[in-house]
Amino acid sequence: MKLIGSLASPYVRKVRIVMLEKRIDYDFVLEDVWRDDSPIQESNPLGKVPCLIMEDSGAMFDSRVIVEYLDTLTPVGKLIPPHGRERAEVKCWEALADGVADAGMLARLERTFRPAEQQSPKWRERQMQKVNAGLKAMSTGLKDTAYCAGNQYTLADVAVGCTLGWLAFRFPEIAWRADYPNLDRLYEKLCERPSFKETEPQ
């Protein structure tokens, strides 16, 4: 398999961590989707990463679809419960984490890609409100438990960890570590895992 992605994307990092946790071999192909001549649309018509290329040359996207598929390939390091409320809880955590990253991404693109005269401070503030609300919800949901979905490491922790790492990388001014000590403790614990160390955003 071949994974097309970037080193900074929290969504690509999520897929890379799942592959490492499950010991799945793959080739990693770096791609800058913002280049005018990027070939990414040959594999993903939406022009986004991550994109997983299969042995038969078929393509799979986005990150939530990819990680769900990867978790079925081997029983090693199962990250998603098979059914019921437990499965829904893990997927809801993933949706929350991805939603925070989505809002942060939109706020950053507004500031860095749009010409200054076309930028909307109101739009950016709306996205940052979503980021802050999402962080608060993560902290409230985590409580004092060892992991997001209880006492077991799951995809919920992978997704939350990737979003927190991306915020620390792109928005160092957000004081989530100080505001939410339980999120800070979780992230520090996750950063001790080889899969997180190997995929630190850059």
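Located above this text is the structure these notes cover.
Below, the structure is looked at part by part. As the structure is a computational prediction, the values presented were derived from the model and not from experiment. (Residues numbered from 1 in each chain as written. Predicted model: local features only at pLDDT ≥ 70, side-chain atom pairs only at ≥ 80, totals over all residues. Heavy atoms only, no water.)

### A few points about the nonpolar core
Here is step 1 of the chain: If you look at the biggest cluster of nonpolar residues, it comprises 53 residues, and the most contacted ones within it are Leu-52, Leu-70, Leu-135, Leu-167 and Trp-176.
Here is step 2 of the chain: Of all the secondary-structure elements, those providing two or more residues to this core are strand S1 (2-5), helix H1 (10-21), strand S3 (51-53), helix H2 (63-73), helix H3 (84-112), helix H4 (121-142), helix H5 (155-170) and helix H7 (181-190).
Here is step 3 of the chain: No other element matches H5, which puts nine residues into this core.
Here is step 4 of the chain: Those residues within four positions of Trp-176 in sequence are excluded, and the remaining contacts are Leu-135, Leu-164, Leu-167, Ala-168, Leu-183, Asp-184 and Tyr-187. (Core = buried A, V, L, I, M, F, W, Y, C linked by side-chain atoms within 4.5 Å. Buried < 20%, exposed > 50% of the residue type's maximum accessible area, 1.4 Å probe, protein only. Helix = DSSP H or I, 4+ residues; strand = E, 2+ residues; numbered from the N terminus. Contact = heavy atoms within 4.5 Å.)

### Structural notes on the packing of H1 against H5
Here is step 1 of the chain: H5 packs onto H1 with a crossing angle of 140° between their chain directions and a minimal axis gap of 9 Å. By the angle class used here, H1 and H5 are oblique. For the crossing formed where H1 meets H5, the hand is right-handed. Here H1 contributes Pro-10, Arg-13, Lys-14, Ile-17 and Val-18 to the contact with H5, which in turn contributes Leu-155, Val-158, Ala-159, Gly-161, Cys-162, Gly-165 and Trp-166. (Axes fitted to C-alpha atoms, helices over the stretch in contact; angles between N-to-C directions. Parallel < 35°, antiparallel > 145°, perpendicular 65-115°, else oblique. Left-handed = near helix turned anticlockwise from the far one by under 90°.)

### Let's talk about H1
Here is step 1 of the chain: Its twelve residues place the ends of H1 16 Å apart at the C-alpha level, agreeing with the 16 Å of an ideal helix rising 1.5 Å per residue.
Here is step 2 of the chain: Of all twelve residues in H1, eleven are buried, a share of seventy percent or more.
Here is step 3 of the chain: Among the residues making up H1, those that are buried are Pro-10, Tyr-11, Val-12, Arg-13, Lys-14, Val-15, Arg-16, Ile-17, Val-18, Met-19 and Glu-21.
Here is step 4 of the chain: After H1 finishes, the residue Arg-23 shows a positive phi value of roughly 60°. (Expected span 1.5 Å × (residues − 1).)

### Focus on the packing of aromatic side chains
Here is step 1 of the chain: The tally for this structure, following the rule as stated, stands at four aromatic pairs.
Here is step 2 of the chain: Between Tyr-26 and Phe-28, the aromatic rings sit 6.5 Å apart at their centres with planes inclined by 70°, giving edge-to-face as the arrangement.
Here is step 3 of the chain: Assessed through its relative accessible area of 21%, Tyr-26 is described here as partly exposed.
Here is step 4 of the chain: One Lys or Arg, Lys-189, reaches over the ring of Tyr-147 and ends 4.2 Å from the middle of that ring.
Here is step 5 of the chain: Lying across the ring of Tyr-153, Arg-193 places its NZ or CZ 3.6 Å from the centre. (Phe/Tyr/Trp six-rings, centres within 6.5 Å; stacked < 30°, edge-to-face > 60°. Lys NZ or Arg CZ within 6 Å of the ring centre and 35° of its normal.)

### As for the environment of Lys-2
Here is step 1 of the chain: By the secondary structure assignment, Lys-2 is in strand S1.
Here is step 2 of the chain: Note: C-alpha distance between Lys-2 and Asp-179 (177 residues apart in sequence) is 39 Å.
Here is step 3 of the chain: Contacts of Lys-2, omitting those with residues within four sequence positions, involve Asp-27, Val-29, Cys-51, Leu-52 and Ile-53.

### Things to note about the environment of Pro-81
Here is step 1 of the chain: Relative to the assigned elements, Pro-81 resides in the loop between H2 and H3.
Here is step 2 of the chain: Along the backbone, Pro-81 and Asp-71 are ten residues apart, and their C-alpha atoms lie at a distance of 9.8 Å.
Here is step 3 of the chain: Setting aside chain neighbours within four positions, we find Pro-81 in contact with Glu-86, Arg-87 and Val-90.

### What to know about the sheet that holds strand S2 (residues 27-30)
Here is step 1 of the chain: If you walk across this open sheet you meet the four strands as S2-S1-S3-S4, and the pairing is mixed. Of all the strands in the sheet, the pair left with one neighbour each is S2 and strand S4 (59-60).
Here is step 2 of the chain: Direction of pairing for S1 relative to S3: antiparallel, over a ladder of three bridges. Its bridge partner lying in S3, Lys-2 is registered against Ile-53.
Here is step 3 of the chain: On top of the sheet, H1 reaches S1, S2 and S3; it is set at about 155° to S1, its chief contact.
Here is step 4 of the chain: Across the sheet, H2 lies against S3 and S4, angled at about 45° from S3, the strand it touches most. (Pairing = 2+ DSSP bridges.)

Everything listed here is a matter of coordinates, which is why it stays silent on function.
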